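Commentary on secondary and tertiary structure
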Amino acid sequence: WRGAVSAFGMAAFLVTAIQTSFLLTERGVVSPAEIGKWSAVTMLANPVGALIFGLLAWRMVPKLALSFALMAVGHFILATVPHWESTVVGATIANLGAGMILPTMITWTLSDVPVDRRGQCTGIWMSIAFLGQFLSPQSIVGLKLLTGSLGGAILVYAFAGAAAAVIAVVAALRTRSAATG
């Protein structure tokens, strides 16, 4: 099931990277230079998220919950607040979670793998991650057709990310109670 989580995580990871410029255009930013500038500003949150991953002394599942929660909040803002400034804020929050999710998922996935199989499992994980990246724009197109708008498609990702965060919190609490009980 870690593969399914990773595929979804990587699909969600790319939502802001690919869709922010389209949302900015929909919300009145027409200059390519401005679209590029604001899209780039939001992407600065990715390395900050990766740094936060390294600084937090949490176990992997709580980090996974935080990553999905940040992406869900960012996607919710992207989907529901119709101003270009809110697009920048939402994309920045989502990218903070996206920056955390990549190192979190690979570390979590490989945490139970014997050292002599980590190279092989990393290759398998990368295949799953690339599949998630491939499916991201296709899923947005399908969800846009289903919901009628790009915002609606991203809102589906917001709810799915929130559900993933809740599931991760429940899993972390169960693991914690099993360890103490």
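Here the structure is shown first, and the text comes after it.
Quick look at the structure, then. Each chain carries its own residue numbering, running from 1 in the direction its sequence is written. At least 70 in pLDDT is required for a residue's local features to be given in this predicted model, at least 80 for side-chain atom pairs to be given and counted, and no such filter applies to totals for whole chains, interfaces and linings, which use all residues. In computing side-chain properties, one takes all heavy atoms of the structure into account and sets aside hydrogens as well as water.

Thoughts on the packing of aromatic side chains
Stacked, tilted and edge-to-face pairs are distinguished by plane angle, under 30 degrees for stacked and over 60 for edge-to-face with tilted covering the rest, among Phe, Tyr and Trp rings (Trp via its six-membered ring) whose centres lie within 6.5 Å. Inspection of the entire model under this criterion finds three aromatic pairs. Ring centres of F8 and F68 lie 5.6 Å apart, and the angle between their planes is 25°; on these two criteria the pair is classed as stacked. Taken together, the residues span a long stretch of sequence, with F8 in helix α1 (residues 2–26) and F68 in helix α4 (residues 60–80) at a distance of 60 residues. Overall, F68 belongs to the buried group, its relative accessible area being 2%. Here the aromatic rings of F8 and Y157 are separated by 5.9 Å at their centres, their planes lie at 10°, and the arrangement is stacked. Residue F8 is found in helix α1, and its partner Y157 is found in helix α7 (residues 150–180); the two are separated by 149 residues along the sequence. Categorising residues by exposure relies on relative accessible area from a 1.4 Å probe, with only protein chains included: less than 20% of the type maximum marks a residue as buried, more than 50% marks it as exposed, and the intermediate range marks it as partly exposed. Judged by relative accessible area, F8 falls into the partly exposed class, the value being 24%. Taking relative accessible area as the criterion, Y157 reaches 6% and is therefore assigned buried. Helix and strand definitions follow DSSP, with helices as H or I runs of at least four residues and strands as E runs of at least two, each counted in order from the N terminus.

Focus: a nonpolar patch on the surface
A patch consists of residues whose relative accessible area exceeds 30% and which take part in no salt bridge; residues with like charges are grouped when within 9 Å of each other, and nonpolar side chains (Val, Leu, Ile, Met, Phe, Trp, Tyr) when within 5 Å. All accessible-area figures derive from a Shrake-Rupley calculation using a 1.4 Å probe, and residue coverage is judged against the displayed protein chains alone. By convention in these notes, a salt bridge is any Lys or Arg side-chain nitrogen within 4 Å of a carboxyl oxygen on Asp or Glu. Taken together, the side chains of L131, F134 and L135 define a hydrophobic patch exposed on the protein surface, amounting to about 290 Å² of accessible area. The residue L131 is located in helix α6 (residues 118–147) in this model.

Overview of the packing of α1 against helix α5 (residues 84–110)
Between α1 and α5, whose axes approach to 9 Å, the crossing angle comes to 155°. As summarised for this structure, α1 and α5 are arranged roughly antiparallel, according to the angle between their axes. At the point where α1 passes α5, the crossing takes the left-handed sense. Counting all contacts with α1, which are made through R2, V5, S6, G9, M10, F13, T16, T20, L23 and L24, the residues of α5 involved are W84, T87, V88, A91, A94, N95, A98, I101, L102, M105, W108 and T109. Split by residue class, the contact of α1 with α5 holds 14 nonpolar, seven polar and one charged. Orientation is described by axes fitted as lines to C-alpha atoms, over the contacting stretch for helices, and by angles from 0 to 180 degrees between their N-to-C directions. Small angles under 35 degrees read as roughly parallel and large ones over 145 as roughly antiparallel, with 65 to 115 read as roughly perpendicular and the rest as oblique. In a left-handed crossing the near helix is turned counterclockwise from the far helix by less than a right angle, and in a right-handed crossing that turn is clockwise. We call two residues contacting when some pair of their heavy atoms lies within 4.5 Å. Just so you know the grouping, Ala, Val, Leu, Ile, Met, Phe, Trp, Tyr, Cys and Pro go in nonpolar, Asp, Glu, Lys and Arg go in charged, and all remaining residues, Gly too, go in polar.

Details of the nonpolar core
L64, F68, I101, I140, I154 and Y157 are the most contacted members of the largest nonpolar core, which has 34 residues in total. Elements that contribute at least two residues to this core include exactly α1, α4, α5, α6 and α7. What makes a nonpolar core is a set of buried Ala, Val, Leu, Ile, Met, Phe, Trp, Tyr and Cys residues whose side-chain atoms join them at distances within 4.5 Å.

Here we look at the pattern of salt bridges
Evaluated as defined, the whole model comprises two salt bridges. With its nearest N and O atoms 3.1 Å apart, the salt bridge here joins R2 to D112. You can see R2 sitting in helix α1 and its partner D112 sitting in the loop between α5 and α6, a full 110 residues away along the chain. Between K37 and E34 there is a salt bridge, and its shortest N-O distance comes to 3.3 Å. Of the two residues, K37 and E34 both sit in helix α2 (residues 32–43), three residues apart, roughly one turn of that helix. On the accessibility criterion, K37 (39% relative accessible area) is partly exposed. Of the residues examined, E34 reaches a relative accessible area of 31% and is grouped as partly exposed.

Nothing here speaks to function; it is geometry throughout.
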